Amino acid sequence: MTLLTLPTTPYNDQRPGTSGLRKKVTVFQQKHYLENFVQALFDVLPAAQGLTLVLGGDGRYYNRVAVQTILRMAAAKGYARVLVGQGGILSTPAVSAVIRAAQASGGIVLSASHNPGGPDGDFGIKYNIGNGGPAPEKVTEAVFARSQQLAEIHTSDSADIALDQLGDYRVDGMQVTVIDPVAIYAELMRSLFDFEAIRALFAGGFRLRFDAMHAVGGPYAKALLEGELGAPAGTVVNAVPLEDFGGLHPDPNPVNAEDLIAHLFADDAPDMGAASDGDADRNMVVGRRFVISPSDSLAVLAAHAKLVPGYRQGLAGVARSMPTSTAVDRVAKSLGIPCFETPTGWKFFGNLLDAGKVTLCGEESYGTGSDHVREKDGLWAVLFWLNLVAASGKSVETLVRELWTAHGRCVYSRHDFEAIPTDKADALMLRLRAALPKLPGTTVAGCAIALADDFAYTDPVDGSVSQKQGIRVILTDGSRVVFRLSGTGTEGATLRVYLERHEPDATRHDREAQTALQPLIALAEALAQIRASTGMERPSVTT
Ligand code: G16
């Protein structure tokens, strides 16, 4: 076994987006494409002698190839040890948990999250730092800069290891330990939730349907829900991770998890439904015939956190991404705790969690988490809900309705316009930005505008500034329209339009969201001229 230095040439498209580098599998299959990115990362990181790295992914197509490639490069970098999930599998929250438990220097997550998989689908890679969370922008920007100057790759000619067998292996001088992907994560969940109470809930006949969408969440959900908590066999469906997710789009929202929604609206619907995404960090929770917005889910968890053993001492504070609804702000106010507003991207929560300023955080994009790891965590959110139902004796729907009664309902929707030619999307955003200074004080499409800006964030812990994080137009009554381009897509640009309106009047809480938001939808169109600029008559996805 020899270490090798291979010549390479840079790719100009390796700037990580909202959550790592995501591209079509065919892009990653280009000569040295993956190797270049990993080398740029390793060049930016300090010397690895004596250090441990965690490695795993969501099991999608190309995961196994990438794991073996990265192991050889990690050996050349000089890592003492790599912990890799059996079969190359680790959910994103599990990577975070393992990094923290093993005091590793960092980890590499192989996932394109909720994007479709398979040979024609997407692949992705991101680096998490020693706190278990996504690398901050200064690291990802340094990796990109390095990728532009890359001339050499350092690897070895070692053979592949037997990824499916637990145990220790050697790749050159480096130790590789193939670990059970679930064990450390499961231990952490036991330390947070009242497993006895959840067991009693299932024993009493409570019915859950958990759709793992043939993604990496399956083994975790099966082990905990069916294996430990006594949920009947068959509670977790689509539980076996497949390289193409069985052709499903593993994005847990009512559009892509339509089968789950159909079950929850059937005559014999279970009490609760849940789904997780490709890498199991996102979650959707559904009540019986009752869809819940992720923003409301976060607010409910915050309001009742003290019912859960791991959070019994109360929350230090909460955080949400800017486009996420203000429901959790209202709960925080009533609890007398701070609420932080960050840009989209889980990496922005890391400093707040590390500094002990927040305990719970979440996003409109079906992500919720806490300071137990430094990623959002799908199964954790489902266990949290189960614990709340068990401890309160209330249904999922009742818990949400009580939130609305106490704080009003933040009626919310996101409209996604996908695969817009990049130049058209950029031009639309440029036009919007240019119009911002003149908007405050005017009335557009019948809406009185109080504030219009491009959201900028100064991290309260390290003072770093992130500009241009989304255009927000806030009305005099607090309603909002936010415009952003997605940082996770792989085809053209995706324009996201986020709509929020606060409804204090309980007699109007059951109004259909799109109807209640109609004035804001008209405002968005008037401001951005989406139809004229993109030729799209309606959003590709409405959630
Ligand atoms: C990632 C980020 C999230 C973000 C989401 C959508 O999630 O971690 O913070 O909300 O992307 O981002 P965008 O609107 O830029 O597409 P995931 O689950 O894809 O890793």
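All of these numbers come straight from a predicted model, not from anything done at the bench.

So, how was this worked out
- Residues numbered from 1 in each chain as written.
- Predicted model: local features only at pLDDT ≥ 70, side-chain atom pairs only at ≥ 80, totals over all residues.
- Heavy atoms only, no water.
- Pairing = 2+ DSSP bridges.
- Helix = DSSP H or I, 4+ residues; strand = E, 2+ residues; numbered from the N terminus.
- Axes fitted to C-alpha atoms, helices over the stretch in contact; angles between N-to-C directions.
- Expected span 1.5 Å × (residues − 1).
- Disulfide = S-S within 2.5 Å.
- Buried < 20%, exposed > 50% of the residue type's maximum accessible area, 1.4 Å probe, protein only.

Q: For the sheet that holds strand 18 (residues 367-370), give the residues involved together with the corresponding values.
A: Strands sit in the order 16-15-17-18 across an open sheet of four strands; the sheet is mixed. Either end of the sheet is taken by a strand with one partner, and the two such strands are strand 16 (339-342) and strand 18. Each strand axis lies, on average, 15° off the axis of its neighbour in the sheet, ignoring direction. Relative to strand 16, strand 15 (residues 318-321) runs parallel, the two being bridged by four bridges. Across the sheet, residue Arg-320 finds its bridge partner in strand 16, namely Glu-341.

Q: I'd love a proper account of unusual backbone geometry, names of residues and values included.
A: In this structure, Gln-103 is a non-glycine residue whose phi angle is positive, near 50°. Relative to the helices and strands, Gln-103 is located in the loop between helix 4 (92-102) and strand 5 (106-110). In the Ramachandran plot, Ala-280 falls in the positive-phi region, its phi being about 65° despite a non-glycine side chain. Inspection of the secondary structure puts Ala-280 in the loop between strand 12 (272-276) and strand 13 (283-287).

Q: Lay out helix 14 (residues 396-407) with the relevant residues and their values.
A: Between its first and last C-alpha, helix 14 extends 17 Å over twelve residues, near the 16 Å set by a 1.5 Å rise per residue. Gly-408, located one to two residues past helix 14, shows a positive phi value of around 80°.

Q: For the state of the cysteines, give the residues involved together with the corresponding values.
A: Under the definition given, this model contains zero disulfides. In this structure Cys-339 is not part of a disulfide, and its nearest cysteine sulfur, from Cys-361, lies 11 Å away. For Cys-339, a relative accessible area of 27% puts it in the partly exposed group. Its sulfur unpaired, Cys-410 is 11 Å from the next cysteine sulfur, which belongs to Cys-339.

Any link to function would need more than the numbers given here.
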